[in-house]
Amino acid sequence: MQKKEWIGMILAGGQGSRLTLLTKKIAKPAVPFGGKYRIIDFPLSNCSNSGIDTVGVLTQYQPLILNSYIGIGSPWDLDRKKGGVTLLPPYMNEQGGEWYKGTANAIFQNINFIDYYDPEYVLILSGDHIYKMDYSQMLNFHKKKGAEATIAVIEVPWEETNRFGIMNTNEDGSIYEFDEKPKNAKSNLASMGVYIFNWKTLRKFLVEDEQDKNSQNDFGKNIIPNMLDTGIKLFAYPFKGYWKDVGTIESLWEANMDLLKPDNELNLYDTSWRIYSVNPIRPPHFTGESASIKGSLIGEGCVVYGEVHNSVLFSGVYVGKNTKLVDTVVMPNVTIEDNVTIERAIIGSDSLIKPGCVIGDKNSNAVTLIGESDVVEENTTYKE
Amino acid sequence: MKDYMGIINLSEREDNIKELTYNRPIAAIPIAGRYRIIDFALSNMVNSEISNVGIFTQNKYRALIDHLGTGKAWDLDRKNDGLFVLNPVFNYYTLGIYRGDIENFKNHIDYVHLSKQKNVIVTSSNMICNVDYKAAIHYHTEKNADITVLYKKANDCAENFQYCNTYIIDNDNKISAVDINTGKTDENNISMEMFIMSKSLFLDIVHTCSSKGDYDYFKDAIHKNIGKFKVYGYEYDGYLACINSIQSYFKTSMQLLDMKLSRELFFKNGLIYTKVKDEAPTKYTENAVVSNSLLANGSMIDGTVENSIIFRGVRVRKGAVVKNSILMQNSIVEEDALVRNVILDKNVVITQNKQLKGDDNYPIVIEKKAII
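Residues numbered from 1 in each chain as written. Chains lettered and ligands numbered in written order. Predicted model: local features only at pLDDT ≥ 70, side-chain atom pairs only at ≥ 80, totals over all residues. Heavy atoms only, no water.

K.L.:
Please provide a residue-by-residue account of the packing of aromatic side chains, values included.
P.N.:
In this structure the tally under the stated criterion is 26 aromatic pairs over all chains. Ring plane angle 75° and centroid distance 5.7 Å describe the contact between F105(B) and F218(B), whose orientation is recorded as edge-to-face. Of this pair, F105(B) sits in helix 3 (residues 102–107) while F218(B) is found in helix 7 (residues 218–223), placing the two residues 113 residues apart along the sequence. Feature note: the residues F56(B), F84(B), F105(B), Y111(B), F195(B), F202(B) and F218(B) constitute an aromatic cluster, connected by ring pairs. Here the basic side chain of R38(A) rests over the ring of Y69(A), its NZ or CZ set 5.0 Å away from the ring centre. A cation over an aromatic ring shows up here: K321(A) above the ring of Y305(A), its NZ or CZ 5.4 Å from the ring centre. (Phe/Tyr/Trp six-rings, centres within 6.5 Å; stacked < 30°, edge-to-face > 60°. Helix = DSSP H or I, 4+ residues; strand = E, 2+ residues; numbered from the N terminus. Lys NZ or Arg CZ within 6 Å of the ring centre and 35° of its normal.)

In structure tokens:
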């Protein structure tokens, strides 16, 4: 047994079905974001920067890319002798085995892993949110309040409260009620899917929940309400800063566009809280004589001869002459040939856009999506 | 290639590139936006499946060791073989004495001796190219040569490759004489200072030189005895540059703005690896006006950049103008400042409204951490 004060568990098994074509071959946490990263880089870097040296990553759906991406965790400094990163797919034991039925069941099936480190506290995270957060401050809060469970919350606009799990709190920050997607919300504090539990307490609730045949084995739907019912101390930890669930094509596109705003809250250039990732091996990007790039993020290895405005280009993208990109996210290694216009779109990795295409529409509400490794033939006009 | 070990020998003369080598060897000079010069020599070895690489340093090696770390970036953090950095046992440099590289080889001869490979490839660090040693080694074996040295038929020697060694080569590709390029003729066979030979011959040369004291430099021991050995030339026909002066550094950097050359150099026989920095992508604001430039991650452009190379973490503020210049890591050009034909070393700050202009053929070099 290797005693740890706290360990992190990242739920990374989600399919992200609303990301449609982008998650055909990869799990949602492996979806590229921000010109360089994959979504899971954010929770992993947060863990590393918060001083957590033991992290379990629970995978299930299409884990190939995610597994090979995480590897032994070196990019996040999580290749450790004691602890480090461990990939935790569902497994068989002498009684058989089964898929992870829900978020709580996924942790339940890995009780042995957590017990091995015998931690006081367990931090449970979702692998599909974009934010920078110092979990050690949240742990201090948790200890100071003497809580059994602490849930990070963020203020959301009142009109959007019906999309979130809302925490209703007392003046001291303790939670008295959990409202899943309420019609008439009493508070605008939404759960960020970031939990700290006292392991002994959580363990007990997980075992009980597993015996309940009607349970959906979900943290939000079962574990948290059960804890509230028994009257143990749950606190809401208020977080201020950028946080985004990138569950849909629109929100993924929006989160990328957020990075381009001058007042953007998610500072990727802060050297005291770097977001680590597997860096592609590419030379610097080249901006040609005929190119014009404004208000954009450009990754390494890109070669740009056209016009790029308010867009995010991942590494290794080629933009031909007389081609114009507006409000567009282009994922790694895409080739966009000459005389192409793309507006308000996401172009999936490794795809090829041949000359003369017109894709997307900047006046539309919809975001046009080109799937991974697609080939768009010459002079195609396509929008969502 | 299992039977070859690599030796990178950092004994290049620094007389003409002093401004960039106050604190570092030529091998550690930053180049092409995110690399150091040694990355090319190291990556060429690794891409040719050589997994035991010894780097013999001369002096000022702190920056180099910081860059190399455990060799992880080049996949050279191995249980068996991997990366070895062999620093001089006695630092003559601080006494102002040049002792040559034979002494360092001799002091670390156990490393070479104990390595399990039976052959070596000894290279300098300042040749910028993407070369496949496997083909050269194959040629070496076929010719049954004592030594095979790589060379390039260059036709621009009046302007480039100053003071590089040149070879006279007979019909059988055997090297018959050695000279130095003084820029009198355009066409020359430029030595790439990459020597393939058996380990026993390498050891023999080092032992003979150090016991007799004939030569201080390994290269001289071969070049001055060209008749004694069967020395063959292997022609390399890709892009080659030699960094041994400020002018050659500047010129080579600017050549990389030619995408055809760049593509070849960074992709042809394998990728060029370097230390990872975890920088975010380059940010262009609405004010950015950039053309014909290479820009590395982590930089933010709010001004104008033309015909330039921008390293990681550089800031070009609003109204600032950067032309025909090289801005190394974390340098800052503040509001409305102008730099032209300038090399800014790491962490230089050009404050607001300042103007710095060098000559087209002779750039101004601003020392590391200077604030202007």
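So much for the structure itself; the text now carries on.
K.L.:
Any details on the pairing of strand 8 (residues 147–154) of chain B? Residues and values, ideally.
P.N.:
Residue and element names in this part refer to chain B. Strand 8 sits mainly inside the fold: 7 of its 8 residues count as buried. Pairing between strand 8 and strand 11 (residues 188–198): 7 bridges, direction antiparallel. Residue pairing in the sheet places T148 in a bridge with I196 of strand 11. Relative to strand 12 (residues 231–235), strand 8 runs parallel, the two being bridged by 5 bridges. Looking across to strand 12, one finds that L150 is bridged to Y234. (Buried < 20%, exposed > 50% of the residue type's maximum accessible area, 1.4 Å probe, protein only. Pairing = 2+ DSSP bridges.)

K.L.:
Could you give an account of the sheet that holds strand 21 (residues 321–323) of chain B, naming the residues involved and the relevant values?
P.N.:
All names here are of chain B. Read across the sheet, 5 strands follow the order 15-18-21-24-27 without closing on themselves; strand pairing throughout is parallel. In this open sheet, the two edge strands, each paired with only one partner strand, are strand 15 (289–291) and strand 27 (355–357). The mean angle between the axes of side-by-side strands here comes to 5°, regardless of whether they run parallel or antiparallel. (Axes fitted to C-alpha atoms, helices over the stretch in contact; angles between N-to-C directions.)

K.L.:
If you had to explain the sheet that holds strand 16 (residues 285–287) of chain A to someone new, which residues and values would you point to?
P.N.:
Judged by pairing direction, the sheet is mixed, and its 11 strands sit side by side in the order 29(A)-26(A)-24(A)-22(A)-19(A)-16(A)-16(B)-19(B)-22(B)-25(B)-28(B) without closing on themselves. The open sheet has two edge strands with one neighbour each: strand 29 (375–376) of chain A together with strand 28 (364–366) of chain B. The sheet contact formed by strand 16 of chain A and strand 16 (residues 293–295) of chain B spans 3 bridges and is antiparallel. Considered in strand 16 of chain B, the bridge of F286(A) is made with L294(B).

K.L.:
Any chance you could break down helix 1 (residues 38–47) of chain B for me, citing the residues and the numbers?
P.N.:
Residues and elements named next belong to chain B. The element helix 1 is largely enclosed, with a buried count of 10 among its 10 residues. Those residues of helix 1 that sit buried are I38, D39, F40, A41, L42, S43, N44, M45, V46 and N47. Count one or two residues on from helix 1 and you reach E49, which has phi positive near 65°.

K.L.:
Outline the environment of A145(B), listing residues and values.
P.N.:
Within the secondary structure, A145(B) sits in the loop between helix 5 (133–143) and strand 8. Discounting residues that sit within four places of it in the chain, A145(B) has contacts with H140(B), K230(B) and Y232(B). (Contact = heavy atoms within 4.5 Å.)

K.L.:
Please give an account of the pairing of strand 1 (residues 4–9) of chain B that cites residues and values.
P.N.:
Residues and elements named next belong to chain B. Summarising burial for strand 1: 6 of the 6 residues are buried, a large majority. Side chains Y4, G6 and I8 project from strand 1 onto one buried face, and the interleaved M5, I7 and N9 project onto a second face that is buried too. Of the pairings in the sheet, the one linking strand 1 to strand 6 (residues 119–123) comprises 5 bridges and is parallel in character. Directly across from I8, in strand 6, lies its bridge partner T123. By the bridge criterion, 4 bridges tie strand 1 to strand 4 (residues 52–56) in an arrangement that is parallel.

K.L.:
Requested: an account of the domain arrangement of chain B, with residues and values cited.
P.N.:
Residue and element names in this part refer to chain B. Here the domain parsing of chain B yields domain 1 (4–267) and domain 2 (283–366). Its C-alpha centre places domain 1 at a distance of 32 Å from the equivalent point of domain 2. Of the roughly 1,700 Å² buried at the junction of domain 1 and domain 2 (both faces included), carbon and sulfur atoms supply 69%. Broken down residue by residue, the surface that domain 1 buries against domain 2 is led by G33, F250 and L257, which jointly contribute 34%. Here domain 1 is connected to domain 2 by 1 salt bridge. (Domains from an automatic or database assignment. Buried area = accessible area lost by both parts, 1.4 Å probe. Salt bridge = Lys/Arg side-chain N within 4 Å of Asp/Glu carboxyl O.)

K.L.:
Go over the interface of chain A and chain B, please, and point to the residues and values.
P.N.:
Tallying the contact residues gives 39 residues for chain A and 39 residues for chain B. Between chain A and chain B, the buried area comes to about 3,100 Å², and carbon and sulfur atoms account for 52% of it. Taken together, the links from chain A to chain B amount to 2 salt bridges. Between R274(A) and E279(B) there is a salt bridge whose closest N-O contact spans 3.6 Å.

K.L.:
Let's hear about the environment of M227(A): which residues, and what values?
P.N.:
All names here are of chain A. Among the structural elements, M227 can be located in helix 7 (residues 219–230). Take M227: its relative accessible area is 0%, and that puts it in the buried class. C-alpha of M227 to C-alpha of G371: the two residues are 144 residues apart in sequence and 42 Å apart in space. In contact with M227, other than residues within four places in its own chain, are A149, F197, T201, L202, F205, I232 and L234.

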